[in-house]
Amino acid sequence: MKVTRRQFFKISTAGLGGSSIALMGFSPTAALAEVRTFKLARATETRNTCPYCSVACGLLLYSVGDSSQNVRSRIIHIEGDPDNPVNRGSLCPKGAGLLDFIHSPNRLHYPEVREPGSNAWKRISWEEAFERVATLMKEDRDANFITRNDDGVTVNRWLSTGFLAASASSNETGYLTHKVVRSTGMIAFDNQARV
Amino acid sequence: MASLAPTFGRGAMTNHWVDIKNADVVLVMGGNAAEAHPCGFKWVIEAKKHNKAKLVVVDPRFTRTASVADLYAPIRTGTDITFLGGVINYLLSRDKIQHEYVKAYTDFSFLVNDDYGFENGIFSGYDPEKRSYDKTGWDYVKGEDGYVKTDPTLQNPRCVYQLMKQHYNRYTPEMVEKICGTPQAAFLQVCEIMASTATRNRAMTILYALGWTQHSYGSQIIRTGAMVQLLLGNIGIAGGGVNALRGHSNIQGLTDLGLMSNLLPGYMTLPGDKETDYRAYIDKRAPKPMRPNQLSYWQNYEKFHVSLMKAWFGDAATQANDWAFDYLPKLDTLHDVLRVFDDMYQGKMTGYFCQGFNPLASFPNKAKLGAALAKLKYLVVIDPLATETSEFWKNFGEFNDVNPAEIQTTVFRLPSTCFAEEDGALVNSGRCLQWHWKGAEPPAEARPDQAIMAGIFLRLKAMYQEKGGAFPDPILNLTWPYRNPHEPASDELAREYNGKALVDLSDPKDGRVFRKAGEQLDSFAQLRADGSTSCGCWLFSGSWTQAGNNMARRDNSDPWGNGQTLNWAWAWPVNRRILYNRASADVNGQPFNPEKKQIWWDGRVWTGTDVPDFSLTSHPSDGMGPFIMNPEGVARFFARGMMAEGPFPEHYEPFETPIGVNPMNTNPKAVSNPAARVFKGDMEVFGKAQDFPYAATTYRLTEHFHYWTKHTRISSILQPEQFVEIGEDLAKEKGIVTGDKVRVRSNRGHIKAVAVVTKRLKGLMINGQKVHHVGIPIHWGFKSVARQGFLSNTLTPFVGDANTQTPEFKSFLVNIEKI
């Protein structure tokens, strides 16, 4: 006997106990009785830390999308990591909104260039970006690198190009950035620690 | 951090987040942790609930932190040195100090050179033309044995204790009220609560943030706080410390890694122009102990330095070429961001890179910054988001009124990943390195910063290989041993900064090989100066050992119940959680407070609930001091020549002062910081009180993070529109009611915003006149999903702290009018 969900409730409220109805074989199809699947149950859980302030709250990132070719995983939920001894699962209003940061419409998607005097961005390839940036660096470095100062002392510095690093980037990014920047002789080098 | 190192030896938060629960008194000053660090602030609430702690808040605004405080005292922005100097005077004049601690663990008894002096706002050695001091006279007296002379009786008028007492006896409660506007009764109540921790068994923690740093004398504010804590014996103990609540998730890490003009990783420093000799460079940084039996840990500098040069330049760094000493650029002067933007403004710069940094919004005087960027030939922006800086050339009406056709800068914008799309470690405020894992792919063509740096570098290297050019050696010889050269992986880089053995390392005592060539090192104690080890950042050595990635450890057990969780992630140095923890025990090595013990001498070695920040086998009777990084072995009240504006902090007015005079002196040269650097043209655009009568200060809101969250929908819904806060009395004077649109002007520009009239800000009586504050939240801009707004740094003055060049964002002058 097939009973729709609505009919089932009608019968139930007509005076008979739900359990006895089930015993008599009156039950809706399994699919109808099932609650909506809990999305997180099939999501991948990844441990991360909040990128905002220096409390560094532990996060659980939940993403969907397996590793198949042409499938991009997507983060669908973020919450505080209860194991983290500092935040113990809690997040502040900023941290609780991190999902919107990751999916901000203002995320950048492609390398771009704005040419001198232009009023617009132009999409370029990574290859073109690296080639043009490195060329500009080399031109300036070769023209303005100071091998010796006025007293004839070897100083090997490059002052006319500078670099600001990000104190929200990881140690590993920071370390590599420092290594590269110093190898060029740059001194106009800083990060947010000053502000 | 230029204030904690001259005092204690290291520039970092001394304690950590969870440890705040062990405090008996919490002073929040120069910060608003409840709103800026909400999840860390929960440990203050824990301390209140479970440790009966008293929370004291001193702030110009009645913040949300103040709303849960036991005591709130108002203060005029920028006058914290006076307030804390007043506390020092209170503690010294009433003798409420921890005698045992200060006598053994500080420079109280050290004798100071006769050349040091202070008169009417100026220390000895001042050159008004250069706006700087000759600091050679600011030093201790040395005996024939080479050690500093001391007077353990503390009676000598030239001992640090007596000089300090004399310096701060001018900071009376009357003077505090006159300069800070804090009612004397409230001030004395604060002093009394703080003084209650001058005992062996009570602890006070100080939590501060940018409200202390962003002043032209910010480092000295922090130092004054540090001095208060030393007098009370609150450094090195559970629930104590001077705790810098840092603003960014990895600002500690980037500083540890030395990404600043003058630094190398691990607080090593670049050689200066005059340091042409390698040996002299090392010796200057490896000071001999100034008192008998002191560790003076920086004596190991050369081991750290050589290991760094091996990590960076590999076989090209040899003993014969002084470990590639000439590969390092020599510093002519500090090229901090303010100087760089001034150089740019003057047309002296060609190119600039902004990696995850939005300087157009983050440094003072937006008009000057925009004009400076427009003089560049090229600008490269690497960021996950479309920042204002990347579109400085575009016209956004009144928010950014420029003509693109006139701006000849080529701008590249390269999309990078965000935190969720990469692996790696961040160092939290408590020096804890926590590893995180990638959760998803970045959007479209965005790439990790490491791939972008590699892309630029490898192209540059290839060009030098093919065509040659200016001194290509360091570029060509930079080690690049990565599995995928185009995208160095985080695990490889982490291993590199931890350090490894380059040859089999054996113990000199028994010849036993403890690390084979290629193996990861256990700690910086294994580093050598002979080129047999490499290590990219000695301070992080121990984070990724042969046993694996310690930063990824996730055992959060807390066997002592003190919140130390030694097996959760990894903290520098060597997993020590509370710095200077030797000072938690008395001279005999027994805990001052047995209830909250840190480390102790067990008769054979030092042991405890934390990793000892000390020489493990140094018997207490050796008298080694707890501040092992300082050649003195003790902490410094007298900073010698380490601070630009003097060995003792002194009150100066902000460069834009609402009262025009410095009530502490009558010297026109000493109204504001006499040693602060001011560029030509910037002094002229400082405003005066007759035109701009109100003391303005900038701050964050709990719903927003800097200029990032205006790109997120939820934060933009919570706080959509730019506003400023003023008190009821000022609003009445100006005929402004809540919801009115107002214009706030400084001498550099104006912003428009909605007025919020509040009881949280009140006019204060300062030096006989009423001073009102205007509160300016910083979170709006012209690139945003929130409503567009004005960058608040349109208003702020282009001057920085005399030591760190941190801009004076917290105290300046504005006028306000209803539109």
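Residues numbered from 1 in each chain as written. Chains lettered and ligands numbered in written order. Predicted model: local features only at pLDDT ≥ 70, side-chain atom pairs only at ≥ 80, totals over all residues.

Undergrad: Tell me about the sheet that holds strand β12 (residues 351-355) of chain B, and name the residues and values.
TA: In spatial order, the strands read β5(A)-β4(A)-β14(B)-β13(B)-β12(B)-β8(A)-β9(A); together these seven strands make up an open sheet with mixed pairing. Strand pairing shows two members of the sheet lacking a second neighbour, β5 (122-123) and β9 (189-190) of chain A, which therefore form its edges. (Pairing = 2+ DSSP bridges. Helix = DSSP H or I, 4+ residues; strand = E, 2+ residues; numbered from the N terminus.)

Undergrad: Any details on helix α17 (residues 366-373) of chain B? Residues and values, ideally.
TA: The element α17(B) is largely enclosed, with a buried count of six among its eight residues. Buried-residue contacts for α17(B) involve α15 (337-345), α16 (359-362), β13 (378-383) and β29 (749-758) of chain B. (Buried ≥ 20, exposed ≤ 12 C-beta atoms within 10 Å, placed from the backbone. Contact = placed C-beta atoms within 7 Å.)

Undergrad: Which residues make up the nonpolar core, and what values do they have?
TA: General note: in soluble globular proteins, nonpolar side chains tend to be found buried as a group. Ranked by size, the top nonpolar core spans 306 residues in total, and within it V26(B), V160(B), M194(B), L433(B), V744(B) and V814(B) carry the most contacts. Setting aside chain neighbours within four positions, we find M194(B) in contact with V25(B), L27(B), V87(B), M204(B), V228(B) and L232(B). (Core = buried A, V, L, I, M, F, W, Y, C linked by C-beta atoms within 7 Å.)

Undergrad: Requested: an account of the interface of chain B and chain A, with residues and values cited.
TA: One widely used convention gives an interface's size as the accessible area the parts lose upon coming together. Taken together, the contact pairs 136 residues of chain B with 104 residues of chain A. Taken together, the residues that form the side of chain B that touches chain A break down as 72 nonpolar, 43 polar and 21 charged. In the sheet, strand β4 (residues 112-114) of chain A pairs with strand β14 (residues 410-415) of chain B via three bridges, with the strands oriented antiparallel. For E112(A), the partnering residue across the bridge sits in β14(B) and is R413(B). (Nonpolar A, V, L, I, M, F, W, Y, C, P; charged D, E, K, R; others polar.)

Undergrad: Hey, could you go over the confidence of the model for chain B for me, with residue numbers and the actual values?
TA: The predicted model of chain B has a mean per-residue pLDDT of 97, with 100% of residues at 70 or higher. Predicted complex metrics record ipTM = 0.97 and pTM = 0.95. (pLDDT = per-residue confidence, 0-100.)

Undergrad: Give a detailed account of the pairing of strand β8 (residues 204-208) of chain B, specifying residues and quantitative values.
TA: All names here are of chain B. β8 sits mainly inside the fold: five of its five residues count as buried. On β8, burial covers both faces: M204, I206 and Y208 on one face and T205 and L207 on the other are all buried. Relative to β8, strand β1 (residues 25-29) runs parallel, the two sharing four bridges. Within the sheet, the bridge partner assigned to V28 lies in β8 and is L207.

Undergrad: Which residues make up the domain arrangement of chain B, and what are the values?
TA: Residues and elements named next belong to chain B. Taken domain by domain, chain B consists of domain 1 (4-247), domain 2 (337-474) and domain 3 (668-818). One C-alpha centre belongs to domain 2, the other to domain 3; they are set 27 Å apart. Listed by partner, the interface residues are 19 residues for domain 2 and 21 residues for domain 3. Where the side of domain 2 that touches domain 3 is concerned, the elements lending two or more residues are α15, α16 and α17. It is α17 that provides the largest number of residues to the side of domain 2 that touches domain 3, a total of three residues. By residue class, the composition of the side of domain 2 that touches domain 3 is 10 nonpolar, four polar and five charged. (Domains from an automatic or database assignment.)

Undergrad: Quick one: what's the story with the pairing of strand β26 (residues 694-699) of chain B, residue by residue and with numbers?
TA: All names here are of chain B. Counted residue by residue, β26 has six buried out of six residues, so it is predominantly covered. Residues Y694, A696 and T698 of β26 are buried on one face, and the alternating residues A695, T697 and Y699, pointing to the opposite face, are buried as well. Where β26 lies against strand β33 (residues 812-818), three bridges are found, and the strand directions are antiparallel. Each residue of the ladder has a partner; that of A696, found in β33, is F812. With five bridges joining them, β26 and strand β32 (residues 773-777) adopt parallel strand pairing. Following the sheet pairing, A696 is matched in β32 by V774.

Undergrad: Describe the sheet that holds strand β9 (residues 242-244) of chain B, naming the residues involved and giving the relevant values.
TA: Residues and elements named next belong to chain B. With parallel pairing, five strands are arranged side by side in an open sheet as β3-β2-β1-β8-β9. A strand with exactly one partner marks an edge of an open sheet, and here the two such strands are β3 (71-73) and β9. Across the sheet, the axes of successive neighbouring strands diverge by a mean angle of 20°, strand direction being ignored. Sheet strands in contact with helix α9 (residues 184-195) are β1, β2 (54-58), β3 and β8, and its direction is about 130° off that of β3. (Axes fitted to C-alpha atoms, helices over the stretch in contact; angles between N-to-C directions.)

Undergrad: Describe in detail the environment of K461(B), supporting the description with residues and values.
TA: Residues and elements named next belong to chain B. Examined against the element boundaries, K461 turns out to sit in helix α18 (residues 449-467). You can call K461 partly exposed: it has 19 C-beta atoms within 10 Å. Between the alpha carbons of K461 and T255 there is a distance of 27 Å; along the sequence they are 206 residues apart. Those residues in contact with K461 that lie beyond four places of it in its chain are I475 and L476.

Undergrad: Provide a residue-level description of the packing of helix α6 (residues 171-183) of chain A against α18(B), including the pertinent values.
TA: One can describe the packing of α6(A) onto α18(B) by two numbers: an axis separation of 9 Å at closest approach and a directional angle of 15°. As the angle between them shows, α6(A) and α18(B) are arranged roughly parallel. The two elements α6(A) and α18(B) meet at a crossing, and its hand is left-handed. On α18(B), the residues touching E172(A), T173(A), L176(A), T177(A) and V180(A) of α6(A) are D449(B), Q450(B), M453(B) and F457(B). Classifying every residue of the contact of α6(A) with α18(B) gives four nonpolar, three polar and two charged. (Parallel < 35°, antiparallel > 145°, perpendicular 65-115°, else oblique. Left-handed = near helix turned anticlockwise from the far one by under 90°.)

Undergrad: Tell me about the environment of T147(A), and please be specific about residues and values.
TA: Among the structural elements, T147(A) can be located in strand β6 (residues 146-148). T147(A) sits 38 residues away from G185(A) along the chain, and the two C-alpha atoms are 9.9 Å apart.

Undergrad: I'd like to hear about unusual backbone geometry, residue by residue, with values.
TA: Residues and elements named next belong to chain B. In this chain, W572 is followed by P573 through a cis amide linkage whose omega measures -10°. Summarising the element assignment, P573 is placed in the loop between β23 (570-571) and β24 (599-601). One non-glycine residue, D95, adopts positive backbone phi at about 55°. Located in the positive-phi region is R640, a residue other than glycine, with phi close to 50°. Within the fold, R640 resides in the loop between β25 (606-608) and β26.

Undergrad: Explain the environment of P559(B) residue by residue, including any values.
TA: All names here are of chain B. Secondary-structure assignment places P559 in the loop between β22 (548-549) and β23. Note on P559: 10 C-beta atoms within 10 Å, which makes it exposed. A C-alpha to C-alpha distance of 60 Å links P559 and G397, two positions 162 residues apart in sequence.

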